[in-house]
Amino acid sequence: MSDYRIEVDRGRCTGIGICESMRDDRFEVDDDGTLVIHDDVVDEDERAEIESIVLSCPASALKLATVVG
Amino acid sequence: MTRLVVVGASLAGLRAVESSRRAGFDGEIVLLGAERHLPYDRPPLSKRYLVGEAEADTWRTEDEIRGELGVDLRLGVAATGLRPADHVVETTDGDVRYDRLIIATGASPRTLPSLPDLDGIVTLRTLDDADDLRRRIVPGSHVTVLGAGFIGSEIASSAEKIGAYATVVEAAPVPLVRAVGDEVGAALARLHPRNGTRLLLGTHIAEYRGERGRVTEVVLSTGEVLTTDVVVVGIGAAPATTWLEGSGIALHDRDGGIVCDETLLTSVPDVWAAGDAVHWPNAAYGRTMRLENWTNASDQGLRAGANAADPEHAAPYATVPYFWSDWYGHRIQFVGVASDEVEFVSGGPDGDRFVALFTDGDRVVAAATLNEPRKIMKLRRLIAERGDRAAALALVNPELVTKE
């Protein structure tokens, strides 16, 4: 079973914060608009939920990458 | 095999398709789009795309839509009518039969009946509109923006960045009142003169003048004459629902929007709707509303898709609205529904950074921020949880909270 990791494309992210409104324990926009990810490792149980957050990003700045473990 | 037809291939329509597949819908899906383009993101069209910093952002390739999502994608096909009794959508490419239907045709820019037929008087909604406008707004050109709403203000901001001269002409004494109220509308309006754009409030365009079929001047209600290369009409949008008139789908008296229930079901069986055209009872505020913003189009698309995939377990859609806008490098964010009671609780209306709270009694119902991206989503959550003013103040100004 593999884990997944949340990746942010810093060139695309503008800190709109849709991700934070969906899971504020994982995503937080900072004072200058930088997205902070608290714990980027995602297990199988959370995969569907995080995938829907990735899909909801208005800037298409999020990705869920597979970690080969 | 059950066939789901989605009319409208923009954000809400694409999200509806994705969501219905995720909810396990394994029937046939037909996605109809009036434009020739793959589904693309509209917010950048007045911002990064207009200034040439970004190319069109299509979320998925044609192969992904056809292959991964298993969609029969029909672009350049517009819906022209609906016959619910036959379960048929009439289109420019003939009749399309459906078992279940999601309407996501969005909105179209409002125009004025008095506008003359001159080249250079334009609106901005589609990618083709944006390509046209990109050719017209160049360094040194004179741009007249009619309407100081979000689109008009973003266009003025982009024009300034390009090195063009923008003048914004707004009939109301304060812009954006319906969206953000008087005080915040006035505060945001000040961003224009502070960043080199002329903003003329309480003013309208009395006359358009042209040469050889092309607009060259506008005469304002004040008598002033402005030289202009382009006039962008940004006075709002209306639901794109004329094709539904007489179909039996209940349309709103005032604006022709689609009247839905809390699960986004229309007045006609097997037909749901999502996006800018939808009026629905929003349980988060206990009232019926229609929203024109990215977040709502995305979220309603997701909900309508899931409900159409599994109607027996249809769930209601409720939301604390959220929209953002970027002017002159400043990020404006708004959550909730504005009320008449508003106060600036951090910064002020003349600064480049503020938080304004809207209350109804003790309850916080909305918040507006300028360049405060860390606070806005926390306020959205607080509003969703029906938090009060004291809790919001503690969130905005934690340093002011006295420790017991």
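Above this text sits the structure in question.
Residues numbered from 1 in each chain as written. Chains lettered and ligands numbered in written order. Predicted model: local features only at pLDDT ≥ 70, side-chain atom pairs only at ≥ 80, totals over all residues. Heavy atoms only, no water.

Draft legend 1. The interface of chain A and chain B, seen in detail. Taken together, the 22 residues of chain A in the interface contact 22 residues of chain B. Across the interface of chain A and chain B, roughly 1800 Å² is buried in total on both sides, 44% from carbon and sulfur atoms. By the criterion of area lost to chain B, the three top residues of chain A are A:I16, A:D31 and A:L55, representing 32% of everything that side buries. Taken together, the links from chain A to chain B amount to 5 salt bridges. The partner of B:D57 in a salt bridge is A:R12, with the nearest N and O atoms 2.9 Å apart. Inspection of the chain A/chain B interface yields 11 residue pairs in polar contact (both at pLDDT 80 or more). (Contact = heavy atoms within 4.5 Å. Buried area = accessible area lost by both parts, 1.4 Å probe. Salt bridge = Lys/Arg side-chain N within 4 Å of Asp/Glu carboxyl O. Polar contact = N/O pair within 3.5 Å; in protein donor to acceptor, adjacent residues only side chain to side chain.)

Draft legend 2. Molecular detail of the packing of helix 2 (residues 44–56) of chain A against helix 1 (residues 11–22) of chain B. Put simply, helix 2 of chain A and helix 1 of chain B touch, their axes get as near as 12 Å, and they point 170° apart. Accordingly, the angle class assigned to the pair helix 2 of chain A and helix 1 of chain B is roughly antiparallel. Residue-level inspection shows A:S52, A:L55 and A:S56 of helix 2 of chain A in contact with helix 1 of chain B, the latter providing B:R15, B:E18 and B:R22. Counted by class, the contact of helix 2 of chain A with helix 1 of chain B contains 1 nonpolar, 2 polar and 3 charged residues. (Axes fitted to C-alpha atoms, helices over the stretch in contact; angles between N-to-C directions. Helix = DSSP H or I, 4+ residues; strand = E, 2+ residues; numbered from the N terminus. Parallel < 35°, antiparallel > 145°, perpendicular 65-115°, else oblique. Nonpolar A, V, L, I, M, F, W, Y, C, P; charged D, E, K, R; others polar.)

Draft legend 3. Looking closely at the pairing of strand 4 (residues 79–83) of chain B. All names here are of chain B. One ladder, built from 4 bridges, connects strand 4 with strand 5 (residues 88–91); its direction is antiparallel. Bridged to L82 within strand 5 is V89. Connecting strand 4 to the antiparallel partner strand 5 that follows it, the hairpin turn spans 4 residues, and H87 within it adopts a positive phi of roughly 55°. (Pairing = 2+ DSSP bridges.)

Draft legend 4. Examining the pattern of salt bridges more closely. Summed over the entire model, instances satisfying the criterion amount to 43 salt bridges over all chains. Note that A:E20 is salt-bridged to B:K378, the shortest N-O span being 3.1 Å. Note that A:E20 is positioned in helix 1 (residues 18–22) and B:K378 in helix 8 (residues 373–384), a pairing that runs across two chains. A:E20 sits in the buried class, given a relative accessible area of 3%. The exposure class of B:K378 is partly exposed, given its relative accessible area of 22%. In this structure, B:E68 and B:R60 form a salt bridge, with 3.4 Å as the shortest nitrogen-oxygen distance. By relative accessible area, which is 60% here, B:E68 ends up exposed. (Buried < 20%, exposed > 50% of the residue type's maximum accessible area, 1.4 Å probe, protein only.)

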